[in-house]
Amino acid sequence: MDIFLTNNLTNKKEQFTPKNINNVGMYVCGPTVYDDPHIGNARPLVIFDVLFKLLKNKFSLVTYVRNITDIDDKIIKSSQEQKISTKVLTEKITSSFLEDCKFLNCDNPTHQPKATEHIDLMIEMINILIQKGFAYENKKHVYFEVKKFSEYGKLSNKNLKDLIAGSRVEVSENKKNSEDFVLWKPSNMDEPSWDSPWGRGRPGWHLECSAMSKKFLGNEFDIHGGGIDLIFPHHENEIAQSRCANGTKVFANYWVHNAFITMANEKMAKSQGNILKIKDFRGNTSGQIIRLALMSAHYRQPLDWNKKLLNDCENTLDKWYRVYSSNSKIVKIPDEILKPLYDDLNTPGYIANLHSLYEKANRGENKDLFISACKFIGLFNESDKQWRNYKKNRVSIDNTEIEKMLDLRNKARKNKDYKEADKIRDELLDKGVLIEDKDGKTLWKLK
C-alpha cells in the first residue's frame, strides 16, 4: 500500500515516492531550548513520531533528523533574565525536552544534532552564498538577498510583497532590502560568539537547519516537517539559502506541517497567556493519555485542548486496558487496518479502527492484533499493573470527603446554582470520581 502525504509545496495530497527506496530521509524542526516545551510543541513530536513509525514499517531504512537549536536570540534573552549562562539554560531545557519525549513515548530520532556543534558548517555555507552572489556582508552582518532567488515564496504560495506585508520583518539599516534575512550577526561581549571571516558572532536561526540537514541528509532529501507557523519565514528561508548554496532545483521534496493546538478555539501562545507545559503533565497524567489526545484530530486540523478531551482519552485507554496482556505476541498489522495512516496520516481514522478491534478483542477475538495495533502508534507502553497503579494514585480523596462534596453539589442543584454544581462535579472527576444522577439519587464510582 502506498503512502500519501499532503505536500505544502504543491498544496496537494501526493503519493510519497522517496529519492532512495533503501534510505528515506526526514528532517523535522526541533525545539529552541530557551523555555520548557509546551503542549503545542508536543503535537509535532507525536505526529512525526507516528510518521517515522509508518515509514519504518514500509521501508528498510529511515533516517530521521530532529535538531536542537541551542543558540538563538530567545535563548540569550532568557538566560539574561534568569541570570544564568546560556550553557546552563540550554542544558537544563534540553534535558527537560528529552524527558518530555520519553514521557510521550516517542522513538529516538536517528540523529539529534545541536546547532552549536555545527557552526563551522554554517560559516562554510555563508561563504558559498557570498561567493555565488546570493549574500552580502555589511558592518559584520551577513544577509541573504531575497530578490536573487526567483522562487522565493513558492512554499507559502504568496508573492514576495504579500509575504513581507503580512509578517514581522526585522528592520535594520544594514540591509539592502527590508526582506533580506540574516545569516550571521555580531555578538555583544557577554553573548555566545564564534570566530568567523566577518568577526566574532553567531549564526542566524534559519541557517542552522540548512547546515544540519545537509550534513545528515545531503543536498536533497525526502520529507521536511514542522509546525504550520514555520512555513514563513523559517522554511521559506531554508529553501532559498539551501538551494542557492547547494546549486539544486530541490531542497526537500515533501513539506508536511501540523496545525496549531488551541484552547477555547484560541491559538496556544505566550501572548494569550494559555501555555500548558508538557512537564506539568508529568507525574499526574499518563503520557499515553496526552499522546492519544494529540492524535485525536487530523494533524492538518486545529486541535482544541480541554478537560473533556483528556477525560475521554483516559476513559478510552482504561477500557482498552481491560483486554491488555503483557504476554501478547506482536503480530503483523494488515494494510486494511493501517490504511488510514497511509492516507495522509489519518490518525482519527486509525483510532476508529482500534475501537473496532477492541470490540472484537473484548469478545476474545484477535487480542494480539488489537494490542499490536495500539503499540504501533505508541500506546500500551505501560504494563497493566503500571496503568492500574496510575489510576489508583489518581484517586486522592476518601469516601467521607466524596459524600461531603456530593451533599454540597445537591444543595447547589436544589438552589439552581448549576454553575457551582458543575464545578463540584469537575473537581470530583479530577480526583478520579465519576458521578451519575439516576432516579433522584446521585451515584458515584472510582474511575
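Residues numbered from 1 in each chain as written. Predicted model: local features only at pLDDT ≥ 70, side-chain atom pairs only at ≥ 80, totals over all residues. Heavy atoms only, no water.

A. Fine view of the overall build of the protein. A count of helices and strands for the protein gives 15 helices and 15 strands. Computed over the C-alpha atoms, the radius of gyration of the protein is 25 Å, within 12% of the 22 Å expected from 2.2 N^0.38 for a compact globule of 447 residues. Going through the 447 residues of the protein one by one, you find that 51% of them count as buried. Taking as baseline every contact in the protein between residues at least 6 positions apart, the subset at least 24 positions apart corresponds to 75%. Total accessible area on the protein stands at roughly 21,600 Å², and carbon and sulfur atoms take up 47% of it. In the protein, the 70 positive side-chain charges and the 61 negative ones have mean positions that sit 2 Å from each other. (Helix = DSSP H or I, 4+ residues; strand = E, 2+ residues; numbered from the N terminus. Rg over C-alpha atoms; globule rule 2.2 N^0.38 Å. Buried < 20%, exposed > 50% of the residue type's maximum accessible area, 1.4 Å probe, protein only. Contact = heavy atoms within 4.5 Å. Areas by Shrake-Rupley, 256 points an atom, 1.4 Å probe, with all protein chains shown as cover. Lys, Arg positive; Asp, Glu negative; His and termini not counted. Charge placed at Lys NZ, Arg CZ, Asp CG, Glu CD.)

B. Spotlight on the sheet that holds strand β7 (residues 181-186). Reading across the sheet, the 4 strands line up as β5-β6-β7-β8 and stay open at both edges, with antiparallel pairing between neighbours. Because the sheet does not close on itself, it has two edges, and the strands there are β5 (135-138) and β8 (201-203). Taken over all neighbouring pairs, the strand axes of this sheet differ in orientation by 20° on average, direction set aside. Where strand β6 (residues 141-144) lies against β7, 3 bridges are found, and the strand directions are antiparallel. Within the sheet, the bridge partner assigned to F144 lies in β7 and is F181. (Pairing = 2+ DSSP bridges. Axes fitted to C-alpha atoms, helices over the stretch in contact; angles between N-to-C directions.)

C. View of the packing of aromatic side chains. Tallied over the full model, the rule gives 21 aromatic pairs. Each ring, one from F134 and one from F144, has its centre 6.4 Å from the other, and the planes form 5°; the classification is stacked. With F134 in the loop between α4 (119-131) and β5 and F144 in strand β6, this residue pair connects regions lying 10 residues apart in the sequence. Taking the relative accessible area as the measure of exposure, F144 reaches 0% and is therefore buried. Between Y350 and F376 the ring centres are 6.5 Å apart and the planes differ by 45°, which places this aromatic pair in the tilted class. With Y350 in helix α11 (residues 347-362) and F376 in helix α12 (residues 367-376), this pair connects stretches of sequence that are 26 residues apart. For Y350, a relative accessible area of 0% translates into the label buried. Aromatic ring contacts, followed pair by pair, group W320, Y321, Y324, Y358, F370, F380, W387 and Y390 into a single cluster. Above the ring of F52, the side-chain terminus of K56 is found at 4.1 Å from the ring centroid. Lying across the ring of F59, K58 places its NZ or CZ 5.9 Å from the centre. (Phe/Tyr/Trp six-rings, centres within 6.5 Å; stacked < 30°, edge-to-face > 60°. Lys NZ or Arg CZ within 6 Å of the ring centre and 35° of its normal.)

D. Fine view of the side chain of E382. If you trace the backbone, E382 turns up in the loop between α12 and α13 (384-394). With no salt bridge to any partner, buried E382 finds its closest opposite charge in R388, at an N-O distance of 10 Å. A distance of 2.6 Å separates a polar atom in the side chain of E382 from a polar atom in the side chain of Q288. Residue contacts for E382: discarding those within four places in its chain leaves S286, Q288, Y321, Y324 and W387. (Salt bridge = Lys/Arg side-chain N within 4 Å of Asp/Glu carboxyl O. Polar contact = N/O pair within 3.5 Å; in protein donor to acceptor, adjacent residues only side chain to side chain.)

E. Just unusual backbone geometry, in detail. With an omega dihedral of 5°, the bond running from F232 to P233 counts as a cis peptide bond. Residue position: P233 is located in helix α7 (residues 231-246). Of note in this structure, L345 is not a glycine but carries a positive phi near 50°. Judged by relative accessible area, L345 falls into the buried class, the value being 2%.

F. Up close: the nonpolar core. Residues L55, L104, W305, W320, Y350 and F370 are the most contacted members of the largest nonpolar core, which totals 73 residues. Y27, V65, M125 and C244 belong to the second-largest nonpolar core, a separate cluster that totals 39 residues. (Core = buried A, V, L, I, M, F, W, Y, C linked by side-chain atoms within 4.5 Å.)

G. Local environment of helix α6 (residues 205-217). The end-to-end C-alpha distance of α6 is 19 Å, a good match for the 18 Å that 13 residues give at a rise of 1.5 Å each. One or two steps after α6, the chain reaches G218, where phi turns positive at roughly 95°. (Expected span 1.5 Å × (residues − 1).)

H. Up close: helix α9 (residues 307-320). Here α9 spans 20 Å end to end across 14 residues, near enough to the 20 Å set by a 1.5 Å rise per residue. Looking at α9, one finds that the buried residues are L309, L310, N311, C313, E314, T316, L317, D318 and W320.

I. Local environment of the sheet that holds strand β13 (residues 303-304). As summarised here, the arrangement of the 3 strands in space is β12-β11-β13, forming an open sheet in which the pairing is mixed. Two strands close off the open sheet at either side, each with one partner strand: β12 (266-267) and β13.

J. Local environment of the packing of helix α8 (residues 287-294) against α9. Two numbers describe how α8 lies on α9: the axes approach to 9 Å, and their chain directions differ by 115°. Comparing their axes, α9 and α8 come out roughly perpendicular. Judged by the twist between their axes, the crossing of α8 over α9 is right-handed. Residue-level contacts link Q288, I289, I290, L292 and A293 of α8 to L309, L310, C313, E314, T316 and L317 of α9. (Parallel < 35°, antiparallel > 145°, perpendicular 65-115°, else oblique. Left-handed = near helix turned anticlockwise from the far one by under 90°.)

K. Up close: the pairing of strand β1 (residues 4-7). Strand direction decides the pairing type here: β1 and strand β2 (residues 12-15), joined by 4 bridges, are antiparallel. Residue pairing across strands places F4 opposite Q15, the latter belonging to β2. In textbook terms, the turn of a hairpin is the stretch between consecutive antiparallel strands, and for β1 and β2 this stretch comprises 4 residues, one of which, N11, has a positive phi near 60°.

L. The arrangement of the pattern of salt bridges in detail. Here the structure, examined in full by the defined rule, presents 27 salt bridges. In this structure, E145 engages K148 in a salt bridge whose closest nitrogen and oxygen atoms are separated by 3.5 Å. Classification of K148 by relative accessible area gives partly exposed; the value is 42%. Notably, a salt bridge pairs E145 with K176, separated by 3.7 Å at the nearest N-O pair. Within this pair, whereas E145 is found in the loop between β6 and α5 (160-165), its partner K176 is found in the loop between α5 and β7, the two being separated by 31 residues in sequence. Of the residues examined, E145 reaches a relative accessible area of 5% and is grouped as buried. When its relative accessible area of 53% is taken as the criterion, K176 is described as exposed. What emerges from the salt-bridge pattern is a single network uniting D49, K53, K56, D107 and R291.

The quantities given are spatial measurements derived from coordinates; they are silent on function.
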